[in-house]
Amino acid sequence: IPVEPFDLVLFGATGDLARRKILPGLFHRFAVGQMPGSARIIGSARSEMSAEAFRADVARAIREVAPDTPEREETLAAFLERLDYVAIDVGGEAGWSDLTRCLRNDVVRAFYLSVAPSLFAGIARQLDAHGLATRDSRIVVEKPFGRNLDTARDLNAGLRASFAEHQIYRIDHYLGKETVQNLMALRFANSLFEPLWNATHIDHVQITVAESLGIEGREAYYDRAGAMRDMVQNHLMQLLCLTAMEPPAKFTPNSVRDEKVKVIEALDPVPPEDIARGQYAAKAGGDGYLDHVGNPDSRTESFVAMKVHVANWRWAGTPFYLRTGKRLRARESEIAVFFRDPPHTIFPGTGPLKGNVLAIRLQPDEGIRLQTTIKDPGPGGFRLAGVSLDMSFADALGEEAQAPDAYERLLMDVIRGDQTLFMRGDEVEAAWAWIDPIIARFDDSRDRPAPYDQGSSGPEEALMLMHRDHRRWRQIG
Ligand code: BG6
């Protein structure tokens, strides 16, 4: 279904994210017919360049990522006609009136700030001052949304000086992933799981976002962020919230986000012994984290594992274990829910119960797998074996499972005016309020993160975190 006609102004239009994700995402929505023919995308950046040069650059970016189908060039030519370019130095006065002339009054208006967060408030102010921000226009911002509670508050205040909360779209691209949304469908559109979704029936939950890549090309940013700020404060927190939250009364932006905030506010502080930090080590020829950031003294973590308690009625006594890291054995992300064993076994001596584990796979091969225990087939006595009910979305749904990139979904939600999959200001602040003391402790301590081998599943300390509790991480890769 096509969305309404719109003018989308993309600040930072020549930057990496715009070229890799945003513009190809818009192109794909155009190709499948979701973007109306009258929609317009106005790229903006500091450099003076003609609209033609911008289009040529976008064409190059799209050819790099979009599959080379017989229709691609024709669709691309039509898409490029939707594009325009206005040079604006966002710190100054030049260019804003050109932008004013470009925009139409009778269509949805959205401003996408794919720029450094230090520019958010200034751009918002200029949009307001030049009368470009209408009551209904939307402003979209990217992470990092601050580096602690204070800076996040400042960013919120800066945006809210010119835009109301219902106009502000804070992106966490994990919320645009198909399986992440499916987690809500799984929990709240089925009667099978929700009655068991609590501490009485669930022993623990493991949330893993493992990456095989390192910090290629982003050394300066990453060394100031580390895995806690880069991944835990946002993506892992969102996965935790959607797994742990109470059923919202309605599938509306504020119902869903109210429930997520309650989860974050219920999180216990994390004691030092419940966190393991790691940093990927050098291989024989160097190529370790410290080589990459060019700082032999860096104490920034490229891996973190932690045990988290959601201190509320539903989850008391059921820990959530989170882990994420770079240069691990595989790119693999999942939420694994471990159900408790049956209270009594009537099959003594038939081998250990395999346990029920519900694994919701985000990537690769999105899908859901339920580990069950069955009788080992055959006449040779009664033995138990583990078997998985495995649903890969690609196999089950074929073509339709060709999940659009997370950005595509989120971009269309901005135009539709649906904030459900975007973070609310108080949600971001609550996440920082919980994370800040943890990071402050890292900063105060002289301890270095534990080195771990590249291609492994993280440092020994992370394994110990589980062993201590007589549990084991699921295997990565
Ligand atoms: C980004 C982080 O937000 O998410 C990156 O800044 C990380 O460090 C990326 O690699 C992971 O996203 P995805 O979609 O590839 O899992």
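This is a predicted model, so every value here is computed, not measured.

(A) Spatial organisation of helix α13 (residues 425-444). Here α13 is 20 residues long and its end C-alpha atoms lie 28 Å apart, about the 28 Å a rise of 1.5 Å per residue gives. Among the residues of α13, Gly425, Glu427, Val428, Glu429, Ala430, Ala431, Trp432, Trp434, Ile435, Ile438, Ile439 and Phe442 are the ones counted as buried. The secondary structure elements touched by the buried residues of α13 are α6 (149-160), β6 (168-170), α8 (219-244), α9 (253-265), β8 (275-280) and β9 (303-308).

(B) A look at the side chain of Gln206. Of note, Gln206 is situated in strand β7 (residues 202-210). Assessed through its relative accessible area of 1%, Gln206 is described here as buried. Of note is the side chain of Gln206, whose polar atom sits 2.8 Å from the backbone oxygen of Arg472.

(C) Expanded view of the nonpolar core. Formed by 144 residues in total, the largest nonpolar core has its most connected members in Phe11 and Phe79. No other element matches α8, which puts 12 residues into this core. Each of domain 1 (6-142) and domain 2 (175-404 + 424-467) accounts for three or more of the residues forming this core. Leave out the neighbours within four places in its chain, and Phe11 touches Ser44, Ile88, Val90, Trp96, Leu99, Phe111, Tyr112, Leu113, Ser114, Val115, Ile123 and Leu127.

(D) Here's a closer look at a nonpolar patch on the surface. On the surface, a cluster of nonpolar side chains totalling about 300 Å² of accessible area is made up of Ile346, Phe347 and Phe382. On the accessibility criterion, Phe382 (41% relative accessible area) is partly exposed.

(E) Just the environment of Lys177, in detail. Relative to the helices and strands, Lys177 is located in the loop between β6 and α7 (178-188). Judged by its relative accessible area of 12%, Lys177 is buried. Considered as a pair, Lys177 and Pro404 are 227 residues apart in the sequence and their alpha carbons are 8.3 Å apart. Sequence-distant contacts of Lys177, that is, excluding residues within four places in its chain, are made with Arg331, Gln363 and Ala406.

(F) Main features of the layout of surface pockets. Roughly 560 Å³ of volume is contained in the second largest pocket. Taken together, 20 residues line the second largest pocket, and the ones lying closest to its centre are Phe27, His28, Ala66, Pro67 and Glu408. Contributing elements (two or more residues each) for the lining of the second largest pocket: α1 (16-31) and α3 (72-80). Partitioned by chemical class, the residues of the lining of the second largest pocket number nine nonpolar, five polar and six charged.

(G) Local environment of the sheet that holds strand β2 (residues 40-45). Reading across the sheet, the six strands line up as β3-β2-β1-β4-β5-β6 and stay open at both edges, with parallel pairing between neighbours. Two strands bound the open sheet, and with one partner strand each, they are β3 (83-87) and β6. Here the strands of the sheet are splayed against their neighbours by 20° on average, with no regard to which way each runs. Lying over the sheet, helix α12 (residues 406-416) contacts β1 (6-11), β4 (108-113), β5 (138-141) and β6, oriented at roughly 135° with respect to β4.

(H) Molecular detail of the site of the ligand. Neighbouring the ligand are the residues Lys143, His173, Tyr174, Lys177, Glu211, Arg218, Asp230, Met231, His235, Lys326, Arg331 and Gln363. Between the ligand and the protein, one listed contact pairs an oxygen atom with a side-chain N or O atom of Asp230 at 2.6 Å. In this structure, Gln363 approaches the ligand through a side-chain N or O atom, which is 2.7 Å from an oxygen atom. Protein chains bury 81% of the 400 Å² of accessible surface belonging to the ligand in isolation. When residues of the shell around the ligand are assigned to their parent elements, the largest contribution, three residues, is made by α8.

(I) Looking closely at the UniProt feature "binding site: substrate" (unreviewed entry) in the protein chain. In this structure's numbering, the residues bearing the UniProt feature "binding site: substrate" (unreviewed entry) are His173, Lys177, Glu211, Asp230 and Lys326. Mapped onto the elements, His173 comes out in the loop between β6 and α7. By relative accessible area, His173 is classed as partly exposed at 24%. If we skip the residues at most four places from it in the chain, His173 touches His235, Ala406, Tyr407 and Leu410. Relative to the helices and strands, Glu211 is located in the loop between β7 and α8. Apart from the residues lying within four places of it in its own chain, the contact partners of Glu211 are Met231, Gly325, Lys326, Arg327, Leu328, Ala330 and Arg331.

(J) Representation of the sheet that holds strand β14 (residues 384-392). The nine strands lie next to each other as β14-β13-β12-β11-β7-β10-β9-β8-β15, forming an open sheet whose pairing is mixed. With one partner strand each, in any of the chains shown, β14 and β15 (450-452) form the two edges of the open sheet. Neighbour-to-neighbour, the strand axes of the sheet open up by a mean angle of 20°, direction not taken into account. In this sheet, strand β10 (residues 320-325) lies alongside β9 in antiparallel orientation, the contact comprising six bridges. The residue of β10 that forms the bridge with Val308 is Phe320. In the packing of helix α14 (residues 460-467) onto the sheet, the strands contacted are β7, β8, β9, β10 and β15, and the crossing angle to β9 comes to about 15°.

(K) Expanded view of the packing of α9 against α13. Axis separation between α9 and α13 bottoms out at 9 Å; the angle between their running directions is 15°. One element, α9, and the other, α13, form an angle in the roughly parallel class. The crossing of α9 and α13 is left-handed. Every residue of α13 that contacts α9 at Arg257, Lys260, Val261 and Ile264 is listed here: Asp426, Glu427, Ala430 and Ala431. Residue composition of the contact of α9 with α13, grouped by class: four nonpolar, no polar and four charged.

About the cut-offs
- Position numbers for residues start from 1 in each chain and track the written sequence from start to end.
- Only residues with pLDDT of 70 or above have their local features reported here, since the model is predicted, and side-chain atom pairs are shown and tallied only from 80 upward, although totals for entire chains, interfaces and linings are computed over all residues.
- For the side-chain quantities, the full set of heavy atoms in the structure was used; hydrogens and water were omitted.
- Each helix corresponds to a stretch of at least 4 residues labelled H or I by DSSP, and each strand to a stretch of at least 2 residues labelled E; elements are numbered beginning at the N terminus.
- The length a helix should cover is 1.5 Å for every residue beyond the first.
- Relative accessibility under 20% of the residue-type maximum defines a buried residue, over 50% an exposed one, and the middle range a partly exposed one, all with a 1.4 Å probe and only protein chains included.
- Pairs of residues are marked as contacts when any of their non-hydrogen atoms sit within 4.5 Å.
- Two N or O atoms form a polar contact when they lie within 3.5 Å of each other; inside protein one atom must be a possible hydrogen donor and the other a possible acceptor, and for residues adjacent in sequence the pair counts only when both atoms belong to side chains.
- Here, the term nonpolar core denotes a set of buried Ala, Val, Leu, Ile, Met, Phe, Trp, Tyr and Cys residues that are joined through side-chain atoms within 4.5 Å.
- Boundaries between domains were set according to an automatic or database domain assignment.
- Residues qualify for a patch when their relative accessible area is over 30% and they have no salt bridge, like charges being joined within 9 Å and the nonpolar side chains of Val, Leu, Ile, Met, Phe, Trp and Tyr within 5 Å.
- For the accessible areas, the method is Shrake-Rupley and the probe is 1.4 Å, while residue cover comes only from the protein chains on display.
- By definition, a salt bridge exists where a carboxyl oxygen of Asp or Glu is found within 4 Å of a side-chain nitrogen of Lys or Arg.
- Each cavity reported here is a set of points on a 1 Å grid over the protein atoms alone in which a 1.4 Å probe fits but cannot get out, each pocket an open set with protein on both sides within 12 Å along at least five of seven lines, and each lining residue one with an atom within 4 Å of a point.
- Grid points are joined across faces, edges and corners, and a volume is the space filled by probe spheres set on the points.
- Amino acids are sorted into nonpolar (Ala, Val, Leu, Ile, Met, Phe, Trp, Tyr, Cys and Pro), charged (Asp, Glu, Lys and Arg) and polar (every other residue, Gly among them).
- Pairs of strands are assigned from DSSP output, requiring at least two bridges between the strands.
- Fitted lines through C-alpha atoms serve as axes, helices being fitted only where they are in contact, and the angles separating the N-to-C directions of these axes extend from 0 to 180 degrees.
- Residues are counted as near a molecule or strand when any one of their heavy atoms sits within 4 Å of it.
- UniProt positions are given in the numbering used here, feature names are shortened, and annotations may be inferred rather than shown by experiment.
- Working definition: roughly parallel below 35 degrees, roughly antiparallel above 145 degrees, roughly perpendicular at 65 to 115 degrees, and oblique for all remaining angles.
- Crossings are classed by handedness, with left-handed meaning an anticlockwise turn of the near helix from the far one by less than a right angle and right-handed meaning a clockwise turn.

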